[in-house]
Amino acid sequence: MTTKKEKTPLFGPKEKRLLWDPINDNNPVTVQVLGVCSALAVTSLVYKSVVMAIAVIFVVAFSNLITSLVRNYIPSQVRMIAQLVIIATLVTIVELVLKANNYAIWKELSVFIGLIITNCIVMGRLEAFAMSNSPWRSFLDGIGNGLGYGVILIIVGVVRELFGKGTLFAGSPIQLNIIGKSNDLVKYWIDTSGGAMSWYTNNGLLALPVSSLFLIGIIIWVQRSRNKKLVDIS
Amino acid sequence: MHNTTGYIIKFTVALTVLAGLALSGMFYATEPAAKRNEEVFNKRAILSSIASHLDKPLAQMSDEEVLQIFKDKMEQKVVNTKGDIIEGAIAEKISMKAESKKNEADMELPIFTYKGKDGNINIISIYGNGLWDKIWGYIALKDDNKTIVGAAFDHAGETPGLGAEIKDNPTFPASFIGKTIFDGDTYTSVKVVKKVTDPKHQVDGIGGATLTSDGVSEMMVRGIKYYLPYFQKHKK
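Residues numbered from 1 in each chain as written. Chains lettered and ligands numbered in written order. Predicted model: local features only at pLDDT ≥ 70, side-chain atom pairs only at ≥ 80, totals over all residues. Heavy atoms only, no water.

Right, let's talk about helix H4 (residues 79–101) of chain A for a bit. For H4 of chain A, with 23 residues, the first-to-last C-alpha span of 33 Å sits near the 33 Å given by 1.5 Å per residue. Looking only at H4 of chain A, the buried set comprises Ala82, Gln83, Ile86, Ile87, Thr89, Leu90, Val91, Ile93, Val94, Leu96, Leu98 and Ala100 of chain A. In the core, the buried residues of H4 of chain A are packed alongside helix H3 (46–69), helix H5 (103–109), helix H6 (111–114) and helix H7 (120–128) of chain A together with helix H1 (5–47) of chain B. (Helix = DSSP H or I, 4+ residues; strand = E, 2+ residues; numbered from the N terminus. Expected span 1.5 Å × (residues − 1). Buried < 20%, exposed > 50% of the residue type's maximum accessible area, 1.4 Å probe, protein only. Contact = heavy atoms within 4.5 Å.)

What follows concerns the sheet that holds strand E6 (residues 148–155) of chain B. Residues and elements named next belong to chain B. Taken together, the 6 strands give an open sheet; going across it, the order is E2-E1-E3-E4-E5-E6, and neighbouring strands pair in antiparallel fashion. Single-partner strands in this sheet number two, and they are strand E2 (85–86) and E6. The pairing of strand E1 (residues 74–80) with strand E3 (residues 108–116) spans 7 bridges and is classified as antiparallel. Note on E3: the bridge partner recorded for Val78 is Pro110. On top of the sheet, helix H6 (residues 210–225) reaches strand E4 (119–129), strand E5 (134–142) and E6; it is set at about 125° to E4, its chief contact. (Pairing = 2+ DSSP bridges. Axes fitted to C-alpha atoms, helices over the stretch in contact; angles between N-to-C directions.)

To continue, consider the packing of aromatic side chains. Counted under the stated rule, the structure contains 15 aromatic pairs over all chains. Consider the rings of Tyr127 of chain B and Trp136 of chain B, whose centres lie 6.4 Å apart with planes at 15°: the pair is stacked. Put simply, the rings of Phe58, Phe62, Trp136 and Phe139 of chain A pair up and form one aromatic cluster. Directly above the ring of Phe182 of chain B sits Lys146 of chain B, whose terminal nitrogen or CZ lies 5.8 Å from the centroid. (Phe/Tyr/Trp six-rings, centres within 6.5 Å; stacked < 30°, edge-to-face > 60°. Lys NZ or Arg CZ within 6 Å of the ring centre and 35° of its normal.)

Let's shift gears to the pairing of E5 of chain B. Consecutive side chains of a regular strand alternate in pointing toward one face of the sheet and then the other. All names here are of chain B. With 9 bridges connecting them, E4 and E5 associate as antiparallel partners. Opposite Gly128, over in E5, you have Ile135 as the bridge partner. Here E4 folds back onto E5, and the loop between the two strands holds 4 residues. Where E5 meets E6, 7 bridges bridge the pair, whose relative direction is antiparallel. Residue pairing across strands places Ala140 opposite Gly150, the latter belonging to E6. Between E5 and E6, which pair antiparallel in sequence order, lie 5 residues; one of them, Asn145, sits at a positive phi of approximately 60°.

Segments scoring low in pLDDT should not have their predicted coordinates read at a detailed level. Residue and element names in this part refer to chain A. Here chain A shows a mean pLDDT of 84. Residues at 70 or above account for 87%. Model confidence for chain A, summarised as mean pLDDT per element, is weakest for strand E2 (residues 176–177) at 74 and strongest for H3 at 94. Note that residues 185–193 has pLDDT below 50 and, in this model, 10 contacts with residues that lie over four places away or in other chains. (pLDDT = per-residue confidence, 0-100.)

This brings us to the packing of helix H8 (residues 135–165) of chain A against helix H10 (residues 210–226) of chain A. All names here are of chain A. At a closest axis distance of 10 Å, the pairing of H8 and H10 adopts a crossing angle of 120°. Accordingly, the angle class assigned to the pair H8 and H10 is oblique. Like other packed secondary-structure pairs, H8 and H10 cross with a definite hand, here right-handed. Here H8 contributes Ile152, Ile155, Val156, Val159 and Arg160 to the contact with H10, which in turn contributes Ser211, Ser212, Leu215, Ile216 and Ile219. (Parallel < 35°, antiparallel > 145°, perpendicular 65-115°, else oblique. Left-handed = near helix turned anticlockwise from the far one by under 90°.)

Moving on to the pattern of salt bridges. Residue and element names in this part refer to chain B. Per the stated rule, a full pass over the model turns up 18 salt bridges over all chains. Here Asp63 and Arg44 are joined by a salt bridge, their closest N and O atoms 2.9 Å apart. Placement of the pair is Asp63 in helix H2 (residues 63–72) and Arg44 in helix H1, with a sequence separation of 19 residues. Given the relative accessible area of 26%, Asp63 is considered partly exposed. For Arg44, a relative accessible area of 22% puts it in the partly exposed group. We note a salt bridge from Arg222 to Glu218, for which the minimum N-O separation is 2.7 Å. (Salt bridge = Lys/Arg side-chain N within 4 Å of Asp/Glu carboxyl O.)

Listed per partner, the contact involves 25 residues of chain A and 22 residues of chain B. In total, chain A and chain B occlude about 2,000 Å² of area from one another, counting both sides; carbon and sulfur atoms represent 76% of this. Across the pair Glu108 of chain A and Lys167 of chain B runs a salt bridge whose closest N-O atoms are separated by 3.9 Å. Counting the contacts that link chain A with chain B gives 3 residue pairs in polar contact (both at pLDDT 80 or more). Sorting the residues of the side of chain A that touches chain B by element identifies H4 and H5 of chain A as the ones contributing at least two each. Counting residues per element, the side of chain A that touches chain B draws most heavily on H4 of chain A, which supplies 11 residues. Among the residues making up the side of chain A that touches chain B, the classes are represented as 15 nonpolar, 7 polar and 3 charged. (Buried area = accessible area lost by both parts, 1.4 Å probe. Polar contact = N/O pair within 3.5 Å; in protein donor to acceptor, adjacent residues only side chain to side chain. Nonpolar A, V, L, I, M, F, W, Y, C, P; charged D, E, K, R; others polar.)

Below, the structure is given as structure tokens:
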């Protein structure tokens, strides 16, 4: 191995791809089909999806970073257990911080924050990327994959909350009632008697976790019909 | 060199110690805030049963204001199922989950009395089973301990959109307001039914959530019954 020092830009095209690829072409949820379990469970409200996405981005990014920093010191026999210790520590930190700062949402997400430990995306990135790449790139890869997961979560969350509950960001300080009898926004623009789409009855199916399976299926369908690269991946 | 047993042991010990230190440090740093949040959260849950009798919407109240209400306007007592007041016990410390496992004779039940602009309101705590998991609630009664002036329910795992509506749909707890738990001197409680025939003692159930509605109904009958001896002894 030559030790010729090659100057690489801090944020060149390769780094850009690390961030962008998992959001689109190599999305952990829709292409790799990882982390679907929590995507079904926490997407009933947008606010919950956003908090969960931030938690996962933090955990993937920093576990990637830490694992990459110590990758040359980890004995291969205890590789996985060492990665798990790092992930579990970070997840517990997230849980403690959330409990101290936003108790209500911690209560809502309850067990699913702890279950980030078992989220295949995290462990998968450590094994596939962080164990063999530099810390900075691993960190970006972590952010990219967390974002890829988060984007899907938020799309599903928006659809489920909007049509299942008629609101957006319920539970947060900026709750908006969008459709149904008591909407805040549209009634001032379109009609003054009861609000736009006041005839709409909330779709109970969308409040159930099973609806996110359909929604993720539709997202996969749309993505594959637009992006031919993904079709013959097998 | 990285594969010797000695190195592996050293590595795992170092990693565990570091992770342990990081976590215990984090725990001590966040514990006071988490404890306070939990206290405020529970107090908000109690206040949500008398939301319409508060001076200000609960959602707009800061944590300090919630704590202030409990300091200034809330009186707490603990009673047993014989109707006696248990001296020295603190209502807030009572866990209904733990009480529900005891024999009826040993139960200790919290009563919060809110002294607000609408006179004294007694808030009692009830606990029961929904379809999937536990459900619980706070029932606010007028000073005569007969008329319901507010209610709030919560659940551990009811289905969103169906059973979870006992908490998420504000019209369900609001439908209890104005009902009475006595018919003359006979205890009737307030039941959740499919079709209301007796509007004084019944409320409409939630469509598609019959079993959760039945759970609420059963909880209302049994939960309030524990308090009856106390109501009887302290009649005004």
